[in-house]
Amino acid sequence: KKPPPTSAPPQALQYDPIRCSTATCHAVLNPYCQVDFRSKLWVCPFCLTRNHFPPHYAENISETNLPAELIPQYATCEYELPSVPPAGPPAFLFCVDTCSVAEELAELADSLQQAINLLPDDALVGLITFGTNVQVHELGFGGIPKTYVLRGNKEYAPGKIGDLLGCNANRAYAQQQAAQHPGGAPGTNPQQAAAGVAGGPGQDVLERFLLPVSECSMTLESILDDLRKDPWPVPADKRVARCTGSALSVATGLMDLAIPRRGGRVMLFTGGPCTSGPGAIVGRIRTETMRSHADLVKNAEPLHQPACEYYASLAHKRGGTGGSGGGGKGGKDKTAAGAHPSTAALHAVDVFACSLDQVGMLEMGELIEATGGLMVLGDSFGQSVFKESLRRVFRRYEDDVPQDGGQLQMAFGATLEVLTSREFKISGAIGPVASLNKKSQNVSDIEVGKGGTNAWSLGGIDPSTTVAIYFDITNPGTTPLPEGKRRFIQFLTRYQHANGRTRLRATTLCGPWHNVNQQQQQAPSSIGGQAPPPDNNSPVKFSFDQEAAAVLMARLAVQRTETEDPADVLRWVDRSLIRLCSKFADYQPDNPSSFRLAPQFSLFPQFMFHLRRSQFLQLFNSSPDEAAYYRYVLSMSNTTNSLVMIQPTLLSYSFQGPPQPTMLDAASVRPDTILLLDTFFHVVVFHGETVASWREAKYHEQEEHAAFRSLLEAPQADAQMIMDSRFPVPRYIVCDQHKSEARFLMAKLNPSVTHNSEGGGVGAQVFTDDVSLRVFMEHLMNLSVQS
């Protein structure tokens, strides 16, 4: 994401950064460094090492002539590194499932043709289709379509793929050229160098299977026009043979062979589960049911674990040539995938799944996460959820953006390194990351998420990618820090831009520490004695960001569901909330009516109430694939979007006034109002019973009821505004009270009125045994004030 112009230079700096000379630090020069202008030295705030400025800095630097990285307001500086040669434009390899019905294939082909037109002319593009077997299409062969067919029941290494595609015919010549010209054959251009030795198998792939859009768009569009359903016969009692795992093996191997040091995306479009070859998640016999949450808990699904290990091995295998891997998911054996990679994933793997059945998102989750890929889950390739989401993958910067105008809003091979001052250490990160296993002095023994390192591979990133970093304060409480002591954090993000250049973004943050004196430390909270005075911990209170804290708690809870039972995670959330309220609330012991929360904490219990009821921790009415999808999107979304997922927003439209936010409560459902619910994954326009009857009577078509027509149109226009800027595109639902699709709204409401409520109450009844927010808060207050 572009930093605001007030906090960063308007353009990337065209030189390498100045870094600390300490081998274990290497922090980048920043505004918080102490500078001695007389002796031309600067002091690193992280390791306190004194460093000399290089000659070209020392000659010109002064109090009135500062380089950009020392200007006080520029906490973020981005460098375009001239020391790293350009890698060339990115590559996009489409991997298309042909087992879907003809109508679905036609919709998919149309969307892919539109996507090709959105790509830059110099971007590389390739096509693989798969069904029972894998077909690799040769786009550089003129005249007639030419396809290489590979068996779909096995995995392929990059070298084997080169042999089967006839790309190793010139290997002897390439080896001879490499021996004669160690620095590269004469006339080798940078793109050939990025692909390997000129004339080698990688260059052969670039001439036949991965071509610039400007050279192969007509050929590719004609192939997509002729796309047909997989011709292999399917008995009535069997599922289609779909070799998704083998196709991914071929696709990732082809990218590694052709462009091992250039960014790219493998984009998988699938319409059903893998049933054949490696990575299969269900057998072909239709009597075999798809795995459920209950099967996974009981380890009763024999294909789940092998499929997880297979897709994880694809992620880690790619770590040797620009790939990456990460921690386990869904209880998988992390050792099966091998050692941690030492480099970032240059080739992201995206999965666009459109099916009413499960497709294996859960099993493929680690491959997607380790490479920084995207997940999109829909019902059909004709839905806007898929079609619009695919178009938004290829969004570009506005033409007037300095340096980046017209470039794709994506980057590749990203890594994140975090440096800290000595008073605290890094526990870990949660998000679309994989550990680079880099040990440092600022790495804590307490691991959270992907821990034990201060550097991670992010793989593919875009302006919305967000990672949560967790820290551990190591300074003992018995040793107060000096007054005025400040903490420093530096985030170093290195990535390959869409233009092929490598950039490094350095963001440095500084903040104060707060010492808790001995009297405050010994002050009881909720365990005996008197409650803390109201002004205790006030600096901590006033700096508490409850929205960010709720999102960090949600990521922690979701991460724990990978290894713990959801019921245990719910209990952990409850205990954490009780401890927080006991520590920071104002109350008299054993007196719930005296319980008060400061404004900085007042919304946090409400967020936790809705988190407990969300699809992230409640598995009822969601498949394993849906649960994996929801959790992955949460793990990579920013605070604003994550809060919408945790506690959806609700707008009310009526004749009484303009649209206004309303409580996410059953009492908000009224017959004469329209509600607009935004859950991030769904946007629901809900018509009350009376409004629905007026619409059915077509009052809005009459001139004298223009106000009613405006009332009906307003929420639809606002819903469109919400969907215009979101990825993945949410599902749009228009429903009426008491109709089946009203469940999307009713399931999210606080059940203040249920079928068990006395007197009925105001609003619609929610048929549930869940407790309401009022009962939840009563229990929280009782437990928090207990002595």
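Refer to the structure presented above.
Treat the numbers as computed from the prediction; the structure is a model and nothing was measured.

Caption draft 1: Structural detail: the environment of Asn-475. As for its position among the elements, Asn-475 is in the loop between strand 17 (468–473) and strand 18 (486–497). Placed 50 residues apart in sequence, Asn-475 and Lys-425 show a C-alpha to C-alpha distance of 9.7 Å.

Caption draft 2: Spatial organisation of helix 17 (residues 604–613). Along helix 17, 9 of the 10 residues are buried, which leaves the element largely enclosed by surrounding structure. Listed as buried for helix 17 are Phe-604, Pro-605, Gln-606, Phe-607, Met-608, Phe-609, His-610, Leu-611 and Arg-613. Summarising the contacts, the buried residues of helix 17 are in contact with helix 15 (546–560), helix 16 (566–584), helix 19 (639–646) and helix 23 (773–784).

Caption draft 3: Representation of helix 2 (residues 102–118) in the model. Taking 1.5 Å per residue, 17 residues should reach 24 Å; helix 2 reaches 25 Å between its end C-alpha atoms and fits that length. Here helix 2 has its buried residues at Glu-104, Leu-105, Leu-108, Ala-109, Ser-111, Leu-112, Gln-113, Ala-115 and Ile-116. Contacts made by the buried residues of helix 2 are with strand 5 (91–97), helix 7 (213–225), strand 10 (264–270) and helix 12 (384–393).

Caption draft 4: Focus on empty space enclosed by the protein. Applying the stated criterion across every chain yields a total of 2 cavities of 30 Å³ or more. Estimates place the volume of the second largest cavity at around 40 Å³. Along the walls of the second largest cavity sit Val-28, Leu-29, Asn-30, Pro-31, Glu-69, Tyr-74, Ala-75, Cys-77, Tyr-79, Ala-506 and Thr-508, which together make up its complete lining. For the lining of the second largest cavity, the secondary structure elements donating two or more residues are strand 4 (76–80) and strand 19 (502–512). Considering only residue class, the lining of the second largest cavity consists of 8 nonpolar, 2 polar and 1 charged.

Caption draft 5: Representation of the pattern of salt bridges in the model. Within this structure, the stated rule accounts for 28 salt bridges. With a closest N to O distance of 3.6 Å, Lys-387 and Asp-110 form a salt bridge. Residue Lys-387 is located in helix 12, and its partner Asp-110 is located in helix 2; the two are separated by 277 residues in the primary sequence. Classification of Lys-387 by relative accessible area gives buried; the value is 14%. Arg-726 is paired through a salt bridge with Asp-678; the nearest N and O atoms lie 2.6 Å apart.

Caption draft 6: Here's a closer look at the sheet that holds strand 22 (residues 649–654). Overall, mixed pairing links the 5 strands, which are arranged 23-22-24-25-26 in an open sheet. Edge positions in the sheet fall to strand 23 (657–661) and strand 26 (731–736), since each of these pairs with one other strand and no more. Direction aside, neighbouring strands of the sheet carry axes that sit 15° apart on average. In terms of strand pairing, strand 25 (residues 682–687) meets strand 26 through 6 bridges, oriented parallel. Pairing of His-682 across the sheet is with Arg-731, part of strand 26. Relative to strand 25, helix 20 (residues 689–696) is tilted by about 80°, and along the sheet it contacts strand 24 (674–678), strand 25 and strand 26.

Caption draft 7: Examining the sheet that holds strand 4 more closely. The strand order across the open sheet formed by 6 strands is 4-19-18-13-16-15, and the pairing between neighbours is antiparallel. Each having just a single partner strand, strand 4 and strand 15 (434–435) make up the two edges of the open sheet. As paired strands, strand 18 and strand 19 are joined by 11 bridges and run antiparallel to one another. When the sheet's bridge partners are listed, Arg-494 is paired in strand 19 with Leu-504.

Caption draft 8: Main features of the state of the cysteines. In total, this model carries 0 disulfides according to the counting rule given. In this model Cys-243 remains outside any disulfide bridge; the closest cysteine sulfur is found in Cys-274, 7.2 Å from its own.

Caption draft 9: Seen up close, unusual backbone geometry. Cis peptide bonds are those with omega within 30 degrees of zero, and the linkage from Phe-727 to Pro-728 qualifies with -5°. Mapped onto the secondary structure, Pro-728 falls in the loop between helix 21 (706–724) and strand 26. Positive phi outside glycine occurs at Gln-403, with the angle close to 70°. Accessibility expressed as a relative area gives 32% for Gln-403, which makes it partly exposed. Phi is positive for Asn-437, which is not a glycine, with a value near 55°. As for its position among the elements, Asn-437 is in the loop between strand 15 and strand 16 (455–461).

Caption draft 10: A look at the nonpolar core. Among the nonpolar cores identified, the biggest contains 136 residues, and Phe-269 and Phe-394 are the most heavily contacted of them. With sequence-adjacent residues up to four places away left out, Phe-269 is seen in contact with Phe-94, Cys-95, Val-96, Asp-97, Leu-108, Leu-112, Phe-130, Phe-352, Phe-381, Phe-386 and Leu-390. Residues Cys-25, Leu-29, Phe-488 and Ala-506 belong to the second largest nonpolar core, which totals 27 residues.

Caption draft 11: Broad picture of the packing of aromatic side chains. One pass over the full model with this rule turns up 26 aromatic pairs. Judged by centre distance (5.9 Å) and plane angle (55°), the rings of Tyr-32 and Phe-488 are tilted. Here Tyr-32 is found in the segment before strand 1 (34–36), whereas its partner Phe-488 is found in strand 18, with 456 residues between them in sequence. Looking at Phe-488, the relative accessible area reads 13%, which means it is buried.

Caption draft 12: Representation of the environment of Arg-743. Positionally, Arg-743 belongs in helix 22 (residues 743–746). Each C-alpha atom, one on Arg-743 and one on Val-766, is 9.6 Å from the other, the two residues being 23 residues apart in sequence.

The rules behind the values
Residues numbered from 1 in each chain as written. Predicted model: local features only at pLDDT ≥ 70, side-chain atom pairs only at ≥ 80, totals over all residues. Heavy atoms only, no water. Helix = DSSP H or I, 4+ residues; strand = E, 2+ residues; numbered from the N terminus. Buried < 20%, exposed > 50% of the residue type's maximum accessible area, 1.4 Å probe, protein only. Contact = heavy atoms within 4.5 Å. Expected span 1.5 Å × (residues − 1). 1 Å grid on protein atoms, 1.4 Å probe; cavity = no way out; pocket = protein on both sides within 12 Å on 5 of 7 lines; lining within 4 Å. Points joined across faces, edges and corners; volume = space filled by probe spheres on them. Nonpolar A, V, L, I, M, F, W, Y, C, P; charged D, E, K, R; others polar. Salt bridge = Lys/Arg side-chain N within 4 Å of Asp/Glu carboxyl O. Pairing = 2+ DSSP bridges. Axes fitted to C-alpha atoms, helices over the stretch in contact; angles between N-to-C directions. Disulfide = S-S within 2.5 Å. Core = buried A, V, L, I, M, F, W, Y, C linked by side-chain atoms within 4.5 Å. Phe/Tyr/Trp six-rings, centres within 6.5 Å; stacked < 30°, edge-to-face > 60°.

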